[in-house]
Amino acid sequence: MNRDLITRAISGLIFLVVLIGSMLATKQIFSALFLLFTFIGLKEYISLLSTRKHGVDKTMIYLSGLIAYLFVSGFSYFSPDHHLLEFLLPFALIYPAYALLNLFFKKVNDPGIHAPVLTAILLISVPFGLLNFLFSMPAPMNFGEESLFQPVLAFFILLWSNDTFAFLIGNF
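Since the model is a prediction, treat every value here as computed from it, not as a measurement.

Draft legend 1. Structural view of the nonpolar core. Counting 13 residues, the largest nonpolar core has Leu42, Tyr45, Ile61, Tyr95, Val117 and Ala120 as its most contacted members. Looking at this core, the elements with two or more residues in it are α2 (27–50), α3 (58–77), α5 (94–105) and α6 (115–136). Discounting chain neighbours no more than four positions away, the residues touching Tyr45 are Ile61, Ala115, Pro116, Thr119, Ala120 and Ile124. Core analysis: the next-biggest nonpolar cluster, separate from the first, contains 12 residues, Leu16, Leu19, Tyr69 and Leu153 among them.

Laid out in structure tokens, this is it:
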């Protein structure tokens with residue numbers, strides 16, 4: 001059997017075990033795990049951008065992406081009138097303030113410079129933050145007090161099996 005296929009399948013299985021363990025532990029561990037995945041996703045995104053020779057501000061992508069994740073996932077744990085969200089709101093305004101200052105004080109006004117940051121926020125940070133909503137949804141009444149993490153688990157199992165079998169079929 002192909003060594004790459006076995007490596008891919010085992011690494012996906014380890015990912016699923018870690019994901020299931022975080023789901024069974026607490027919501028906070030689940031959020032911390034996806035904060036780590038957000039950071040890894042942002043790092044990979046930056047490495048893809050750096051191959052295209054964009055003027056990428058890596059610090060702003062990391063900062064904006066992680067703050068966006070914390071802000072979006074914060075709504076799944078706290079009501080909108082909670083003080084933690086009031087604390088995060090000024091941090092969520094860091095990128096718009098940065099973009100506005102760049103617009104007025106940079107010699108070259110290229111609006112395309114902001115596209116990588118906004119893309120990182122919308123394609124990496126927000127979806128991972130929204131996964132916290134699925135995990136913290138109350139279960140239907142017939143399941144009792146448990147949280148409804150089955151859709152998240154089902155999604156990742158389908159993703160893992162699809163990825164593994166697509167790799168298997170692609171090798172033939």
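That shown, we press on.
Draft legend 2. Up close: the side chain of Asn132. By the secondary structure assignment, Asn132 is in helix α6. A distance of 2.9 Å separates polar atoms of two side chains, one belonging to Asn132 and the other to Ser31. Side chain to side chain, Asn132 and Tyr69 meet in a polar contact 3.1 Å long. Excluding its chain neighbours within four sequence positions, the residues that come into contact with Asn132 are Phe30, Ser31, Tyr69, Ser73, Ser76 and Tyr77.

Draft legend 3. The arrangement of helix α1 (residues 3–25) in detail. Helix length check: α1 (23 residues) gives 33 Å between terminal C-alpha atoms against 33 Å at 1.5 Å per residue, within 8%. Residues Leu5, Gly12, Leu16, Leu19, Ser22 and Met23 constitute the buried set of α1.

Draft legend 4. Up close: the confidence of the model for the chain. Averaged over the chain, the pLDDT score is 76; the fraction of residues at 70 or greater is 72%. When pLDDT is averaged over each element of the chain, α2 comes out on top at 87 and helix α4 (residues 83–92) at the bottom at 65.

Draft legend 5. Spotlight on the packing of aromatic side chains. Overall, the coordinates contain five aromatic pairs when judged by the stated rule. Between Phe15 and Phe37, the ring centres sit 5.2 Å apart and the planes meet at 45 degrees, which makes this aromatic pair tilted. Of this pair, Phe15 sits in helix α1 while Phe37 sits in helix α2; the two residues are 22 residues apart in sequence, bridging distant segments of the chain. Consider the rings of Phe34 and Phe37, whose centres lie 5.2 Å apart with planes at 90 degrees: the pair is edge-to-face. Of this pair, Phe34 and Phe37 are both found in helix α2, three residues apart, which corresponds to roughly one turn of the helix. Like Phe37, Phe34 is buried. Every member of this aromatic cluster is reached through a ring pair, and the members are Phe15, Phe30, Phe34, Phe37 and Phe128.

Draft legend 6. The side chain of Ser64, seen in detail. Residue placement: Ser64 occurs in helix α3. Classification of Ser64 by relative accessible area gives buried; the value is 6%.

The rules behind these values
- Residue numbers here run from 1 along each chain, matching the order of that chain's written sequence.
- Thresholds applied to this predicted model are a pLDDT of at least 70 for local features of residues and 80 or more for the giving and counting of side-chain atom pairs; totals over whole chains, interfaces and linings are not thresholded and use all residues.
- Just so you know, side-chain values use all the structure's heavy atoms and leave hydrogens and water out.
- Grouping buried Ala, Val, Leu, Ile, Met, Phe, Trp, Tyr and Cys residues that are joined through side-chain atoms within 4.5 Å yields what is termed a nonpolar core.
- Exposure classes here rest on a 1.4 Å probe applied to the protein chains alone. A residue is buried below 20% of its type maximum, exposed above 50%, and partly exposed in between.
- Strands are runs of DSSP state E lasting at least two residues, helices are runs of H or I lasting at least four, and both sets are numbered from the N terminus onward.
- Note on contacts: a residue pair is in contact if any heavy atoms of the two residues lie within 4.5 Å.
- Here a polar contact means two N or O atoms within 3.5 Å. Within protein one must be a hydrogen donor candidate and the other an acceptor candidate, and residues neighboring in sequence count only if both atoms are side-chain atoms.
- Under the convention used throughout, the expected extent of a helix is 1.5 Å for every residue step, that is, one less than its residue count.
- The predictor reports its confidence for every residue as pLDDT, a score running from 0 up to 100.
- Centres within 6.5 Å make a pair out of two Phe, Tyr or Trp rings, where for Trp the six-membered ring is used; the pair is then stacked when the planes are under 30 degrees apart, edge-to-face when over 60, and tilted otherwise.

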